[in-house]
Structures are given as structure tokens and as C-alpha cells.
Amino acid sequence: METDALRWFQLVADGVTVTEVSEIYAVSQPNVSRALSRLERDVGADLFRRSGRLLRLTAAGAAFKRHVDHLIHELDDGLAAVGR
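These lines cover the structure that appears in this document, whether it is placed above or below.

Reading the values: the criteria
- Residues numbered from 1 in each chain as written.
- Predicted model: local features only at pLDDT ≥ 70, side-chain atom pairs only at ≥ 80, totals over all residues.
- Heavy atoms only, no water.
- Phe/Tyr/Trp six-rings, centres within 6.5 Å; stacked < 30°, edge-to-face > 60°.
- Salt bridge = Lys/Arg side-chain N within 4 Å of Asp/Glu carboxyl O.
- Helix = DSSP H or I, 4+ residues; strand = E, 2+ residues; numbered from the N terminus.
- Buried < 20%, exposed > 50% of the residue type's maximum accessible area, 1.4 Å probe, protein only.

## Remarks on the packing of aromatic side chains
Now for step 1: All chains considered together, the criterion is met by three aromatic pairs.
Now for step 2: Three or more aromatic residues link up through ring pairs in this structure, and these residues are Phe9, Phe48 and Phe64.

Listed below in C-alpha cells is the structure:
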């Protein structure tokens, strides 16, 4: 799993659109969408329910997000500890 994909998942799960994520990270929208699809394949579960362009967390996505939030927090703390 890629760290960027986890960060993007976290943002979309919090209500940021894929388009907004692509603008924040200066990557293409299809790149973000593909990364989220790969993440779902890696996890082995649908993390989002898609309704047109709107993405809503599934029960599996909500459970996964709690762990991603913890993981990203720990990663950011580790990076801060080494001055990054």
C-alpha cells in the first residue's frame, strides 16, 4: 500500500472530493481514483459506495479508516521526530 493512497483515502473518507484531493496534491484526478481502486483491491473490500461522483464510506471503509487514521498519525509523528 502506498502512503499517498492512504492519505488520499483519509481525505475522501472525511468528505474531500477526489477532484479536491487531486488539486491539493497536484496530481491528476484519474491518478487519485486509480490509487483508491488499488487500495480497495489491496484491502480486499469495497471501502466506498459510489453514487455518481459522490463517494460514501462502506462499513468496511469506516472500520479501515479508524486504523488508517492511527497509522497516518503515527507516521507523521515519526517524521516529525526526525525533523521532516
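Still to come is the rest of the account.
## Notes on the pattern of salt bridges
Now for step 1: Applying the stated rule across the entire model yields five salt bridges.
Now for step 2: The salt bridge partner of arginine 7 is aspartate 76, with a shortest N-O separation of 2.5 Å. Of the two residues, arginine 7 is situated in helix α1 (residues 3-13) and aspartate 76 in helix α4 (residues 59-81); the sequence distance between them amounts to 69 residues.
Now for step 3: By relative accessible area, which is 32% here, aspartate 76 ends up partly exposed.
Now for step 4: Among the ionic pairs, aspartate 69 bridges to lysine 65, the shortest N-O distance being 2.6 Å. Here the residue aspartate 69 and the residue lysine 65 both occupy positions in helix α4, the gap between them amounting to four residues, near one helical turn.
Now for step 5: Residue aspartate 69 is classed as partly exposed on the basis of its relative accessible area, which comes to 28%.
Now for step 6: Sharing partners across several salt bridges, the network here consists of Asp14, Lys65 and Asp69.

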